[in-house]
Amino acid sequence: MSRLTDLSQGFPSRRSVLRGSLAAAGAAAALGAGMTQAQARAPRGPMPMPSRVPQHLIQAEAEVISKAPAVDLSGYTRVRQELVAPPFAPVHEQVATGGPKIIEITLETTEKLMTVDADTGAEIWALTYNGSVPGPLIIAHEGDYVEVTLRNPVDSVFEHNIDFHSSTGALGGGALTHVFPGEETVLRWKATKAGVFTYHCAPGGEMIPYHVCHGMNGTVMVLPREGLKDGKGNPLRYDEILYIGEQDYYLPRNEDGTFKKYAVAGDDYADSLEAMRTLVPTHSVFNGAVGALTGDKALRSKVGSTVLMIHNQANRDTRPHLIGGHGDFVWEAGSFNDAPATNLETWLIRGGSSGAAMYTFEQPGVYAYVNHNLIEAVLLGATAHIVVEGEWNNALMEQVVKPHSIET
Amino acid sequence: MSPVALSLNGLVSLGLAVLATGAALGAALLWPGGPQPYPVDLVSVTLPDGMTLAVQRTEVTRRDWAVCHAEGGCTLALPDLDTRDDYPATGISYVDAQEYLAWINTRSGAAYRLPTKAEWYAIAAEVLPETPDPIFTAPELSWAAAYMVETPTVDRALRPTGEFSTTTAGLVDLDGNVWEWTQECYDSDGSRTDPGNCPAFILGGVHESVLSYLVRDPANGGCASGLPPAHLGMRLVTEVGV
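Note that the structure is a prediction, hence the values are computed from the model and not measured. (Residues numbered from 1 in each chain as written. Chains lettered and ligands numbered in written order. Predicted model: local features only at pLDDT ≥ 70, side-chain atom pairs only at ≥ 80, totals over all residues. Heavy atoms only, no water.)

Describing the overall build of chain A
The condition is simple: Working definition: helices are DSSP H or I runs of at least four residues, strands are E runs of at least two. Numbering for both runs from the N terminus. Think of it in three bands: with a 1.4 Å probe and only protein chains considered, a residue is buried below 20% of the maximum accessible area for its type, exposed above 50%, and partly exposed in between. In what follows, residue pairs with any heavy atoms lying within 4.5 Å of each other are defined as contacts. Only the protein chains shown count as covering a residue, and every accessible area follows the Shrake-Rupley method with a 1.4 Å probe.
Each helix and strand in chain A was counted, giving eight helices and 21 strands. Going through the 408 residues of chain A one by one, you find that 53% of them count as buried. Counting only contacts in chain A whose residues sit at least 6 apart along the sequence, the fraction spanning at least 24 positions is 76%. When the accessible surface of chain A is summed, it comes to about 17800 Å², and 55% of that surface belongs to carbon and sulfur atoms.

In structure tokens form, the structure reads like this:
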């Protein structure tokens, strides 16, 4: 612990120098390092005001960075990935063609009022990447670079940044990407490890769980260049991706149990932290809201189609289960370097990670993809439905006798 | 949870005991001066069989429910949902509905009850949407055929009484997002002849629903066999005669 503290204090990022102790305190908190109460508490208010960094200081920062040996990017092709809202995936190749790429993406940190559960009127001033909870799915291949422009609109309340678990160094890029309202930054990181990984906001101190529990998290998928394989080296291909972000919300309540409403982002700050300390979420939802993937918003597929189900939970353990189906191939911990487990009923997604499961539909009908803590699935909202078309297979299942009264 | 909801027998006991003694003992204890009318806005509706039924114009409101709770008739206290009194009372189980009926009948000396399924659908037919085509037609998929995928039936957010459709007779909100308990026991093959021993009742709404008598909130998730109702409430009827 003390060593980590020493490191964070001995090698502060340029950004933390520019900002005084703010970012350093956040970095230390992110590392779980010990720090004084004064460091941890002093700088943080519920509504940090934008502080413009003089242009010459930003240039100085770039110069410091450039003192490291330059990277030869001449063999790389620049491509732009247009991100799409979950539960869908951006256009991508399963098997990489051509040489390695620099994949340009843009993430805008949008703060917006979102309905969590229309039944109860529960709502949250969500903190988002590109306006959705979870943030968009980002896809690269091993060996590619991801070059992210992180943009914080001028009308935001909060400072934001991004920590990519798929990247290496600088707190996952978190230490290099702090942007206050009206700022933007560019970070490039190399995808050296194949798998599905969480990304999330981590602006420092208690702002870290506050931002994560307000929606700022998502998944990066780094595919092997030759695509996915089973444990014997045979190629595995999917027809579609179902990208699920499971979000635990801790919404403050009034005395009678109803949910509080707030006029602007950040007004819930103190109440939220108090609710989060209970570790008992009021909601655990897929795609940001109760019922976001059910009913008229249910997903559609067909018998014979293979779906890759990517599940992100940046904060809390969860246990996906496909009611009526299975996980044919499951990368539970997310690494595509490991052979997938096969034929699982339920798999664990550790808090702070993404996992992936592949399934080929064998029967038509309605499937429920749930967190199989069924309290969370049914009472807290962690349910998605998939309507699958096709021909019923009696060889797999048949109703022999319909329910009727027992003869007495 | 209501203490009487411990078992089916408990439910039966509640219904019989309170209904039987309501006019005499209950009224004497709670209202020493005898029955006191409680205002219920009734509309006369002629049913297809020629019978006239007096039907409550609105669903029982939060204001009504608060009176029942304050007078000790209704166990359930409704939370302050940041809404006005003129919203429908929701979060009501069949047991809660029976408590309300026992209370209002005892208090006012009336004979209100829940509608039957046939009565409810006769009353509501003109404002109900057409039944959507099933998404599956194969007999093996009848379990999934009623799944609602085409359009959201109604916005799930609660609205004040009267903001959904009005029937020719003047009844409101039958096509709203509150499903109303009927007294009709779910009966798959006509064998369930004892109405006092019923595990699940039919609810009237824009799609027919069957729920355990204990359910107050048909949570929007979990099982894949369809979308549950949004909210559960009730509406009074009383028989007028032919």
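Anyway, onward from the coordinates.
Examining the pairing of strand S4 (residues 138-141) of chain A
All names here are of chain A. For the record, the criterion: In short, DSSP must find at least two bridges between two strands for them to pair.
Burial of S4 is two-sided: the residues Ile138 and Ala140 facing one way and the residues Ile139 and His141 facing the other way are all buried. For S4 and strand S9 (residues 217-223), the ladder comprises four bridges, and the chain directions are parallel. When the bridges of S9 are listed, Ile138 appears paired with Val220.

So, the sheet that holds strand S12 (residues 240-249) of chain A
Residues and elements named next belong to chain A. Using the following cut-off: Helix axes use the C-alpha atoms of the stretch in contact, all axes being lines fitted to C-alpha atoms, and the angles between their N-to-C directions lie in the range 0 to 180 degrees.
Strand order in the open sheet formed by six strands is S13-S12-S15-S19-S17-S18, and the pairing between neighbours is mixed. Each of the sheet's edge strands pairs with one partner strand only, and the pair in question is strand S13 (283-286) and strand S18 (341-344). Taken pair by pair, the neighbouring strands of this sheet meet at an average axis angle of 25°, ignoring direction. Pairing of strand S17 (residues 327-331) with S18, which is carried by three bridges, proceeds in the antiparallel orientation. Pairing of Val330 across the sheet is with Ala341, part of S18.

Some thoughts on the state of the cysteines
All names here are of chain B. Convention followed: Cysteine sulfur atoms are paired as a disulfide whenever they come within 2.5 Å of each other.
This structure, assessed with the given rule, holds two disulfides over all chains. In this model Cys68 forms its disulfide with Cys74; the gap between the sulfur atoms is 1.9 Å. Between Cys68 and Cys74 the sulfur-sulfur dihedral comes to about 85°; the bridge is accordingly right-handed. Residue pairing for Cys185: its cysteine sulfur links by disulfide to Cys198, the two sulfurs lying 2.1 Å apart. Measuring handedness by torsion sign, the sulfur bridge of Cys185 and Cys198 sits at about 100° and is right-handed. Placement of the pair is Cys185 in strand S3 (residues 178-185) and Cys198 in the loop between S3 and strand S4 (200-204), with a sequence separation of 13 residues. In terms of burial, Cys185 and Cys198 fall into one category: buried.

Quick look at the sheet that holds strand S6 (residues 163-164) of chain A
In spatial order, the strands read S4-S9-S8-S6 (chain A); together these four strands make up an open sheet with mixed pairing. Of all the strands in the sheet, just S4 and S6 of chain A have a single pairing partner and so form its edges.

A word on helix H7 (residues 269-277) of chain A
Residues and elements named next belong to chain A. Under the convention used in this document: The directions from the helix axis to the C-beta atoms are what the arc is built from.
Regarding H7, the residues found buried are Tyr269, Ser272, Leu273, Ala275 and Met276. Buried residues of H7, seen end-on, are gathered within an arc of 165° and therefore sit on one face of the element. More than 90 degrees from the buried face of H7, the exposed residues found are Ala270, Glu274 and Arg277. Structurally, H7 contributes buried residues whose contacts are with helix H6 (207-212). Note on H7: the residue one or two positions beyond its end, Leu279, has a positive phi of about 60°.

Thoughts on the confidence of the model for chain A
When pLDDT is low, close inspection of the predicted coordinates is not appropriate. Residue and element names in this part refer to chain A. Threshold: You can read pLDDT as the predictor saying how much it trusts each residue, on a scale of 0 to 100.
On average, residues of chain A carry a pLDDT of 87, and 84% of them reach 70 or more. Predicted confidence for residues 1-51 stays below pLDDT 50, and this span has 70 contacts to residues more than four positions away or in other chains. The low-confidence segment residues 56-60, where pLDDT is below 50, has three contacts with residues more than four positions distant or belonging to other chains.

Some words on the packing of helix H2 (residues 62-70) of chain B against helix H3 (residues 94-108) of chain B
All names here are of chain B. Note the cut-off: Reported orientations rely on four angle classes, namely roughly parallel under 35 degrees, roughly antiparallel over 145, roughly perpendicular from 65 to 115, and oblique for the rest. Gly is put with the polar residues, along with every residue not named as nonpolar or charged; the nonpolar set is Ala, Val, Leu, Ile, Met, Phe, Trp, Tyr, Cys and Pro, and the charged set is Asp, Glu, Lys and Arg.
Interaxial distance between H2 and H3 falls to 10 Å at its minimum, and their mutual angle equals 75°. Considered as vectors, H2 and H3 are oriented roughly perpendicular to each other. Here H2 contributes Asp64, Trp65, Val67 and Cys68 to the contact with H3, which in turn contributes Asp96, Ala97, Tyr100 and Trp103. Here the residues of the contact of H2 with H3 are counted per class, giving six nonpolar, no polar and two charged.

Concerning the pairing of strand S14 (residues 299-302) of chain A
Side chains on a regular strand alternate between the two faces of the sheet. Residue and element names in this part refer to chain A. Of the two faces of S14, the one holding Leu299 and Ser301 is buried and the one holding Arg300 and Lys302 is not buried anywhere. The sheet contact formed by S14 and strand S21 (residues 383-389) spans four bridges and is parallel. By the bridge assignment, Ser301 is partnered in S21 with Val388.

Remarks on the packing of aromatic side chains
We apply this condition: Each Phe, Tyr or Trp ring, with Trp reduced to its six-membered ring, pairs with another whose centre is within 6.5 Å; inter-plane angles below 30 degrees give stacked pairs, above 60 give edge-to-face pairs, and intermediate values give tilted ones. Counting as a charge over the ring demands two things of the Lys NZ or Arg CZ atom: a distance within 6 Å of the ring centre and an angle within 35 degrees of the ring normal.
Tallied over the full model, the rule gives 17 aromatic pairs over all chains. On the basis of an interplanar angle of 65° and a centroid distance of 5.5 Å, the ring pair of Tyr129 of chain A and Tyr199 of chain A is categorised as edge-to-face. Here Tyr129 of chain A, found in strand S3 (residues 122-129), pairs with Tyr199 of chain A, found in strand S8 (residues 195-200); they are 70 residues apart in sequence, far enough to count as distant. One exposure class covers both Tyr129 of chain A and Tyr199 of chain A, and it is buried. Judged by centre distance (3.6 Å) and plane angle (10°), the rings of Tyr94 of chain B and Phe201 of chain B are stacked. A residue pair is termed long-range when its members are at least 10 positions apart, and Tyr94 of chain B in helix H3 and Phe201 of chain B in strand S4 qualify at 107 residues. We classify Phe201 of chain B as buried; its relative accessible area is 2%. What links up through ring pairs into an aromatic cluster is the set Tyr129, Phe164, Trp189 and Tyr199 of chain A. Sitting above the plane of the Tyr145 of chain A ring, Arg188 of chain A keeps its charged end 5.8 Å from the centroid.

Examining the environment of Ser301 of chain A
Residues and elements named next belong to chain A. Mapped onto the secondary structure, Ser301 falls in strand S14. For Ser301, a relative accessible area of 9% gives the class buried. Along the chain, Ser301 and Leu374 lie 73 residues apart, while their C-alpha atoms are 24 Å from each other. Here Ser301 is in contact with Glu240, Phe361, Ile386, Val387, Val388 and Glu389, once residues within four sequence places are set aside.

Topic: the nonpolar core
Where we set the bar: The set of buried Ala, Val, Leu, Ile, Met, Phe, Trp, Tyr and Cys residues whose side-chain atoms join them within 4.5 Å is what this entry labels a nonpolar core.
Formed by 46 residues in total, the largest nonpolar core has its most connected members in Trp65, Tyr100, Trp181, Met234 and Leu236 of chain B. Of all the secondary structure elements, the ones that give two or more residues to this core are strand S1 (42-46), strand S2 (52-56), H2, H3, helix H4 (117-124), S3 and S4 of chain B. The residues touching Leu236 of chain B, leaving out its near neighbours within four places in the chain, are Val40, Ala54, Val55, Gln56, Val60, Tyr100, Leu101, Ile104, Tyr112 and Arg113 of chain B. Listed in part, the 36 residues of the second largest apolar core include Ile103, Leu107, Leu187 and Tyr210 of chain A.

Here's the deal with unusual backbone geometry
Residue and element names in this part refer to chain A. The peptide bond linking Pro86 to Pro87 adopts the cis configuration, its omega dihedral lying at 15°. Examined against the element boundaries, Pro87 turns out to sit in the loop between strand S1 (77-80) and strand S2 (101-117). Going from Val133 to Pro134, the amide bond is cis rather than trans, its omega being 0°. Structurally, Pro134 can be placed in the loop between S3 and S4. Phi at Leu279 is positive, roughly 60°, even though this residue is not glycine. In this structure Leu279 comes out as exposed when scored by relative accessible area, which is 67%. With a phi angle near 60°, Asn287 is a residue other than glycine that sits in the positive phi range. Structurally, Asn287 can be placed in the loop between S13 and S14.

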